[in-house]
Amino acid sequence: MGVLENKARARLFYKYLSKVYDQVNPFIWNEEMRAEALSMLDIQEGDRVLDVGCGTGFATEGLLEHTADVHGLDQSPHQLEHAWRKFGKHGDVRFYFGDAERLPFADGVFDTVWSSGSIEYWPNPIAALREAKRVVKPGGRVLIVGPNHPDSTLFGTLADAMMLFYDEAEADRMFAEAGFEEITHRTMGPSYSPEIAITTVARVPAEGEVETELAA
Amino acid sequence: MNESLLEIVCCPLDKHDLDLEVIQRTDEEIAEGRLVCTECGEEYPIEDGIPNLLPPDMRDG
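Computed from a prediction, not measured in an experiment: that's the story for all the values here. Counting from 1, residues in each chain are numbered in the order their sequence is written. As they are written, the chains are lettered A onward and the ligands numbered 1 onward, keeping that order. Reporting in this predicted model follows two pLDDT cut-offs: at least 70 for local features of residues, and 80 or more for side-chain atom pairs to be given and counted; totals over whole chains, interfaces and linings ignore these cut-offs and use all residues.

## Some thoughts on the interface of chain A and chain B
So, point 1. Here, residues touch in the contact sense if the C-beta positions derived from the backbone fall within 7 Å of one another. Each side of the interface is counted separately: chain A has 15 residues, and chain B has 17 residues.
So, point 2. Amino acids are sorted into nonpolar (Ala, Val, Leu, Ile, Met, Phe, Trp, Tyr, Cys and Pro), charged (Asp, Glu, Lys and Arg) and polar (every other residue, Gly among them). When its residues are assigned to classes, the side of chain A that touches chain B shows 8 nonpolar, 3 polar and 4 charged.

Okay, structure coming up:
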């Protein structure tokens, strides 16, 4: 195989790579989508909310419109520095370095867990969902925004090779396996690509409720 | 990190409580210090007020 052929392949690959990155680019996650996702929750003033993978703090900003008690966790100092510029490093929003799959919080200490634009980078999304479920109090809710799976088979295969994409059926499966109930989804996006993101809200079973065991 | 947050944080590895060792503080805000797991002894630094609760294998990544 010649060098040119390799380069041609590389260009082709890059062309699709850029396309995928455009699809998950944070700029397509806009204020309207954020407001729609927030409307799927019922956050009350005083609720303690965790933003997993808060990054630059775009969602954090929306959460603050509902409650003052917002906690942001991320693994990247580069991303968090943007958030610190917005909210202050030692202000009302509390920041932590941490891992979504191994959360550094005690059981049931949050009313709600939110995560947008982060699940696609989690090596083990079900482990992270189980952790989100653990730190939310019984009966509380978890909301996850991720990239909806592209329909085209070729594009879908390329997308799968890059990072996690999922559709409603796959989200149902992941959330059920992590032990959630009342799982609902909404696809959203800007007008030119209205189903680019999938937002899932699910409930942590209330205390005393028997969790449904999935057949292995 | 506000001292009151000790009630909600835990060791990311074994989920046990953390002990606070203060190096520098202003009232209830801990600027520099360490959080030490009461079970496994793993230490998590607090630097410029931010607790680094990444598991050890992810630090400085």
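## Examining the pairing of strand E3 (residues 94–97) of chain A
Each regular strand displays side chains that alternate between the two surfaces of the sheet.
All names here are of chain A.
So, point 1. Remark: C-beta atoms are placed from the backbone, and a residue is labelled buried if 20 or more other C-beta atoms sit within 10 Å of its own, exposed if 12 or fewer do, or partly exposed between those counts. Put simply, DSSP marks the helices as runs of H or I at least four residues long and the strands as runs of E at least two long, and each gets a number from the N terminus on. Taking every second residue as pointing to the same face, both faces of E3 are buried, with Arg94 and Tyr96 on one and Phe95 and Phe97 on the other.
So, point 2. At least two DSSP bridges between two strands are needed for those strands to be called paired. As judged from the 4 bridges shared by strand E2 (residues 69–74) and E3, these two strands associate in the parallel manner. Bridge pairing in E3 links His71 to Arg94.
So, point 3. We call a crossover right-handed when, viewed with both strands directed away from the observer, the connection leading from the first strand over the helix to the second proceeds clockwise. What joins E2 to E3 is helix H4 (residues 77–87), and the crossover it makes is right-handed.

## Some details on the sheet that holds strand E1 (residues 18–26) of chain B
Sheet strands associate in pairs through backbone hydrogen bonding, adopting either a parallel or an antiparallel arrangement.
Residue and element names in this part refer to chain B.
So, point 1. One open sheet accounts for 4 strands, arranged E1-E2-E3-E4; its pairing is antiparallel. Each edge of the open sheet carries a strand with a single partner, namely E1 and strand E4 (50–51).
So, point 2. By the bridge criterion, 4 bridges tie strand E2 (residues 29–37) to strand E3 (residues 43–47) in an arrangement that is antiparallel. In the sheet register, Gly33 faces E3, and the bridge partner there is Ile46.

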